[in-house]
Amino acid sequence: QVQLVESGGGLVQPGGSLRLSCVASGTIFSILDMGWYRQAPGKQRELVATITRTGATNYADSVKGRFTISRDNAKNTVALQMNSLKPEDTAVYYCNGRRYENDAWGQGTQVTVSS
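Below you will find a few notes about this structure. (Residues numbered from 1 in each chain as written. Predicted model: local features only at pLDDT ≥ 70, side-chain atom pairs only at ≥ 80, totals over all residues. Heavy atoms only, no water.)

### So, the state of the cysteines
- Counted according to the given criterion, the structure contains one disulfide.
- Covalently, Cys-22 is tied to Cys-95 through a disulfide, its sulfur atoms 2.1 Å apart. Disulfide Cys-22 to Cys-95: torsion about the S-S bond roughly -80 degrees, handedness left-handed. One end of the pair, Cys-22, is in strand S3 (residues 18-25); the other, Cys-95, is in strand S9 (residues 91-99), and 73 residues separate them in sequence. (Disulfide = S-S within 2.5 Å. Helix = DSSP H or I, 4+ residues; strand = E, 2+ residues; numbered from the N terminus.)

### Considering the packing of aromatic side chains
- One pass over the structure, following the stated rule, counts one aromatic pair.
- Ring centres of Tyr-37 and Trp-105 lie 5.0 Å apart, and the angle between their planes is 70 degrees; this geometry places the pair in the edge-to-face category. Of the two residues, Tyr-37 sits in strand S4 (residues 33-39) while Trp-105 sits in strand S10 (residues 102-105), which places them 68 residues apart along the sequence.
- Residue class for Tyr-37 comes out buried when judged on its relative accessible area of 15%. (Phe/Tyr/Trp six-rings, centres within 6.5 Å; stacked < 30°, edge-to-face > 60°. Buried < 20%, exposed > 50% of the residue type's maximum accessible area, 1.4 Å probe, protein only.)

Okay, structure coming up:
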């Protein structure tokens, strides 16, 4: 069973930066497509960024130019570098791993952007 654990969330002022990390276990990490999703109170979970097993990336329009997703297959990790943070980025951020139709999710890490 794939297990994903996120870390790195916290409180940051608008314009600040945070780096989220997700560690995977229980699988061959390199075969997974990975992603970050987020869910704000009262809203549906939404895609933030994805990175395929080959390294191709995709971003939500709302974070393009501000967020960067990356992976380190040697360490079984995927990261999300978040710069120029806005209050609208406040949410619980979830790590996702996908192999065909099978999805695994982390427990989530809280990101709060507030002055």
